[in-house]
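# Summary of structural features
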Amino acid sequence: MVFTPTDNRTGGRESANAAFARSGSILAVDFGSVYTRAVLIDLVDGIYQQVATGEARTTAGFPHNDVGIGLAHAAAEITRATRRRLLTDDNMGIISPETPDRKGVDIIRFTASIGRPLRTVMMGLVPQMSIASAARATAGTYVQVVETISLDDERTPQQQLNAILLSRPDLIFIVGGTEGGARQTVLELVTLTRLALRFGKRSSNPPILYAGNTDLIDEIKSAFADVTSVFIAENVRPILESETLESAAQELALAYDAVSSQRGLGFDRVGAMSDIGVLPTAQSYDVIAEYLGRSLLSQNRRAGGVLIADLGSSVSTLSAAVYGTVSTSIRTDIGVGASAVETLERVGIEAVRMWLPFLASDDDIRAYAYNKRLRPAIVPENHRALYYEHALARAALRKLVSDTRPAWTRETALDNPNAPLPQFQQIIGAGSTLTRTGQPALSAMLMLDAFQPSGVTALYLDESALIPALGTLAPTNPEAVVQVLDAAGLNLLAACFSVDGAPRPGRAAVKVTLTIRKDDGTRQTEQHTINGGEFWAYPLDAGVSATISVRTLRRGATLGGRRSIRMEINGGRAGVIVDARGRPIPVPLAMRARAAAITAWYAQATGQPIHEIPEDWLTEAKADAAPVVKQKPPKIGTGELPELGDLFQPEAEAAPAGRRGRRKKDKAAAPTPAETQAQQTAQEEDDDLRNLFS
């Protein structure tokens, strides 16, 4: 079975374009590790718009082991919202094409970030050339390179053969040779690969992706015709001075779909509903980051870049369009749910502890990570659990940025992870940890803490997985992408003004003049002074326009290198924000000072009273187990998701209890012997489960 670039792209595009000519209705579904999100896009008065969204728990795991069930629940959510029937009579598929009575849709697109990455053996000639280009081509796909073989490899052919067999790859990626260049050395790699597939005792051999000298395509097809399927892409390195990655990236996406369909979990049945199968979610982020970056540059050649970060449960993706180039990084070892333990190993315990406003031992932090791995869908039930979750999220995002940013400045890779970021005009956050805080300004604060931009930045959230949907549409209908984004498809959080330098805490640092235009034509002017160390959020309603003037009051404090900025802005869900904490954000090292600073920032972001940290949290590391949610989980398909915002509502008690009152309460709440035994039994069961993942 051989796939060529023409076969893969042309047929799919022709069928897709024909469907758009009929109506243009689109259903795009993204399968995440925890949630399955569906977006319905249709023509409204001749313009493509987002019509409705649906969300349900992903059903890839026990007891369903079929992502199609979660798809049906998400589609049912859209049906309830629009009264437009999408599911077939047996609820096992999506009606397509759209019927005259407005049932179903014309185009179906699927993306997925669930499951382990493709274990890939990469084979090529020169590590610094063809193999390096192949590695960059894998940026938009969930690929884990488990073995690399090149001319520089000093192992014997027998050792290389054993390396391929022992790595048990899902995909073998062969590159090498410029156009009209090397032949024999590339064919030697092919012969080695064929031997490995012959000797491998597997029910199905991994597919081959070839993106080398195109003069060898016929020989490549012949070599593997009776062994496995072959994907053919354009040469990633046609000449020494340039590389072509788009074709290889597209074929990698198709290979991802082919391998995913063989893994079960219902992807084979789901993929058959779409003309292009199930594509990797990260590829969409790369496409949309490039589009937004070019759009900004077309408006202003000095415009800043675009940063898109999807903090997932098991996989995280970061795409940056900066300096006219696009770089995408996929990390299967960074996530705040199923990959929480791996994240902790990558970032280090201290990177998490620095964001906690209380003492926590190494074991406490590890316990939280293990609990999150075992129960990735749980949400915090109290402040302590919330601080753990947000600390891990900040550390994960900062690690993602620090590992990715050298690719943004290839000539001068930055060694200092605390150095200021390049100027980003737009930062877009995705993933439930960022989008489900329940407080828009709190989402904005987490993004500012993680990325620490300077100057003026527009913060957005992608709550309904719109970017994965639009990324799959870009090759077939870029018009839909442009129109949906122009119709405010992404949710604007706030226009943020971030102060560089080190403003002195408690001293006036920034003066803000805000002139708001009201619906009746009148104007309201307000002036505010923000002290150093403060996170100031003004509730400017979404869609309300205003003129803002921001001026720093202290020498050495700037706004992206400027002392003052005056501009027109629109209100967002978090209003308008001035971050006067400085860059880098000075998180205190002393425990009490850190607790005071972090709780004050939370209060400033949420508008709620400061959460007083109990004295015993500051004097000893509590040996508490990782927090476990007591509330009932949301019903599958209902779309009911617990929010975290209620944690910041005023407490029911009139005043906090004194030390004596706390002791009495703690004594009264002491567990009985039976409860203690039950807790020990539950802990032993958790330990057994943790051992399974070790």
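Residues numbered from 1 in each chain as written. Predicted model: local features only at pLDDT ≥ 70, side-chain atom pairs only at ≥ 80, totals over all residues. Heavy atoms only, no water.

### Here we look at the overall build of the protein
Convention followed: Only DSSP runs of H or I with at least four residues qualify as helices, and only runs of E with at least two residues qualify as strands; both kinds are numbered from the N terminus onward. Here the term buried applies to any residue with accessible area under 20% of the maximum for its type, exposed to any over 50%, and partly exposed to those in between, with areas from a 1.4 Å probe on protein chains only. Should any heavy atoms of two residues lie within 4.5 Å, those residues are counted as being in contact. In these tables, accessible area is a Shrake-Rupley quantity obtained with a 1.4 Å probe, and a residue counts as shielded only by the protein chains included in the view.
When you go through the protein residue by residue, the secondary structure sums to 21 helices and 23 strands. The 694 residues of the protein split such that 54% are buried. Nonlocal contacts in the protein, meaning residues at least 24 apart in sequence, comprise 70% of its contacts between residues at least 6 apart. Accessible surface computed for the protein: about 30,700 Å², of which carbon and sulfur atoms make up 51%.

### Digging into the sheet that holds strand 11 (residues 278–280)
Quick reminder of the rule: Pairing between strands is defined by DSSP: at least two bridges between the two strands are required. For helices, the axis comes from a line fit to the C-alpha atoms of the stretch in contact; other axes are also lines fit to C-alpha atoms, and the angle between any two N-to-C directions lies between 0 and 180 degrees.
Strand order across the open sheet formed by five strands is 4-3-2-5-11, with mixed pairing between neighbours. Of all the strands in the sheet, just strand 4 (47–57) and strand 11 have a single pairing partner and so form its edges. Going from strand to strand, the sheet's axes swing by 25° on average, the running direction of each strand aside. Sheet analysis places strand 2 (residues 26–31) next to strand 5 (residues 107–112), joined by six bridges and oriented parallel. The residue bridging aspartate 30 from the neighbouring strand is threonine 111, located in strand 5. Of the strands in this sheet, strand 2, strand 3 (35–44), strand 4 and strand 5 touch helix 2 (residues 67–82), which is tilted by about 130° from strand 4. Packed onto the sheet, helix 17 (residues 478–486) meets strand 3 and strand 4 and runs at close to 80° relative to strand 4.

### Describing the sheet that holds strand 14 (residues 325–331)
One open sheet accounts for eight strands, arranged 14-13-12-15-16-17-23-20; its pairing is mixed. Edge strands, defined here as strands with exactly one partner in the open sheet, are strand 14 and strand 20 (535–538). Looking at each pair of strands side by side, their axes are set apart by 15° on average, direction ignored. Examined bridge by bridge, strand 12 (residues 305–311) and strand 15 (residues 424–430) share six bridges and lie parallel to one another.

### Quick notes on the nonpolar core
Operational definition: Buried residues of nine kinds, namely Ala, Val, Leu, Ile, Met, Phe, Trp, Tyr and Cys, make up a nonpolar core once their side-chain atoms join them within 4.5 Å.
With 66 residues, the main nonpolar core has Leu318, Trp408 and Phe451 as its most contacted residues. Considering every element that reaches this core, the biggest residue donor is helix 13 (residues 383–404), with 11 residues. Look past the residues within four positions of leucine 318 in its chain and what remains in contact with it is Leu307, Ile308, Ala309, Ser327, Thr328, Ser329, Leu400, Val401, Thr404, Trp408 and Phe451. Leu209, Ala211, Ala248 and Val270 belong to the second largest nonpolar core, which has 51 residues in total.

### Structural notes on the pairing of strand 14
Among the seven residues that make up strand 14, five are buried, leaving the element largely enclosed by the rest of the structure. Note that strand 13 (residues 316–322) and strand 14 share seven bridges and pair antiparallel. Residue alanine 321 lies in a different strand from strand 14, and its bridge partner there is valine 326. Between strand 13 and strand 14, which pair antiparallel in sequence order, lie two residues; one of them, tyrosine 323, sits at a positive phi of approximately 60°.

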